[in-house]
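The lines below spell out each chain.
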Amino acid sequence: MRTQRKILPWVCTLLILGLLGCATLEEQIDAISPVKVSDAEAAVKVGKILRDSFADINEEEEYYIGRAVSALILSKYPVYNDKSLIQYISTVGQAVVVHSDRPEIYSGYHFLILDTNEVNALSAPGGFIFITKGLLQRCKDEEMIAAILAHEVGHVAAKHGLQSIKKSRLVDAFAIIGQEATQRYGS
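Keep in mind the model is a prediction, meaning the values are calculated, not measured. (Residues numbered from 1 in each chain as written. Predicted model: local features only at pLDDT ≥ 70, side-chain atom pairs only at ≥ 80, totals over all residues. Heavy atoms only, no water.)

**Observations concerning the sheet that holds strand S3 (residues 128-132)**
Pairing in this open sheet of 3 strands is mixed, and the strands run S1-S3-S2 from one edge to the other. With partners counted over all chains shown, the strands left at the sheet margins are strand S1 (110-114) and strand S2 (121-124), one partner each. Mean inter-strand twist for the sheet, computed between neighbouring axes without regard to direction, equals 20 degrees. Bridge count between S2 and S3: 4 bridges; the pairing is antiparallel. Bridged to serine 123 within S3 is isoleucine 129. (Pairing = 2+ DSSP bridges. Helix = DSSP H or I, 4+ residues; strand = E, 2+ residues; numbered from the N terminus. Axes fitted to C-alpha atoms, helices over the stretch in contact; angles between N-to-C directions.)

See below:
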């Protein structure tokens, strides 16, 4: 009974507003609604950004993200030009991949040696694995090489690079929320 008393005035108001026509209806809604059109548009914009930040990245997108990251790596470091050594590293790498949590990905795993004396190994989403000549020179045997490649394959299999991208998207989304709030309500 009390609920009906609370709802009845709203129903009557909506019926009256509906009879007044669109232009009058918009004026009435603006008068009684605390949400402005610009605020609603901002909320929709922020909602889309948040939704995108939680969206999953499919394997094809992962591959193309990895290609872009690889291009950045290869713009800094040249490829070591020893085809037989690259083939050997790829063979060891593929043996590791078979036993990983994600042995099959969109375009397979790709292994390259970077021509630098730095001691490092890198991985990019989509199965791109890099090991430097400097690190290879420090490896005493195939087991050490396999361990290094397994570590990098593990990053790809666990999607660590993609998780970083998602976190970055979320940080960007919250930054935009802050900007929108500051524009609307001041500092």
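**Some remarks on the nonpolar core**
Counting residues in each nonpolar core, the largest one holds 21 residues, and the members touching the most others are Ile89, Tyr109, Phe111, Ile131, Ile145, Leu149 and Val153. Counting residues per element, this core draws most heavily on helix H7 (residues 142-157), which supplies 6 residues. Other than its neighbours up to four places away in sequence, phenylalanine 111 contacts Ile86, Ile89, Ser90, Gly93, Gln94, Val97, Ile129, Leu149 and Val153. One finds Tyr63, Ile73, Ala124 and Phe128 within the second-largest nonpolar core, a separate group that totals 7 residues. (Core = buried A, V, L, I, M, F, W, Y, C linked by side-chain atoms within 4.5 Å. Buried < 20%, exposed > 50% of the residue type's maximum accessible area, 1.4 Å probe, protein only. Contact = heavy atoms within 4.5 Å.)

**Let's talk about the packing of helix H5 (residues 83-98) against H7**
Running from N to C, H5 and H7 cross one another at 60 degrees; their axes reach a closest spacing of 9 Å. Between H5 and H7, the interaxial angle falls into the category oblique. Where H5 crosses over H7, the handedness of that crossing is right-handed. Taken together, the residues of H7 that come into contact with H5 (itself represented by Tyr88, Ile89, Val92, Gly93, Val96 and Val97) are Glu142, Ile145, Ala146, Leu149, Ala150 and Val153. Among the residues forming the contact of H5 with H7, the class breakdown is 10 nonpolar, 1 polar and 1 charged. (Parallel < 35°, antiparallel > 145°, perpendicular 65-115°, else oblique. Left-handed = near helix turned anticlockwise from the far one by under 90°. Nonpolar A, V, L, I, M, F, W, Y, C, P; charged D, E, K, R; others polar.)

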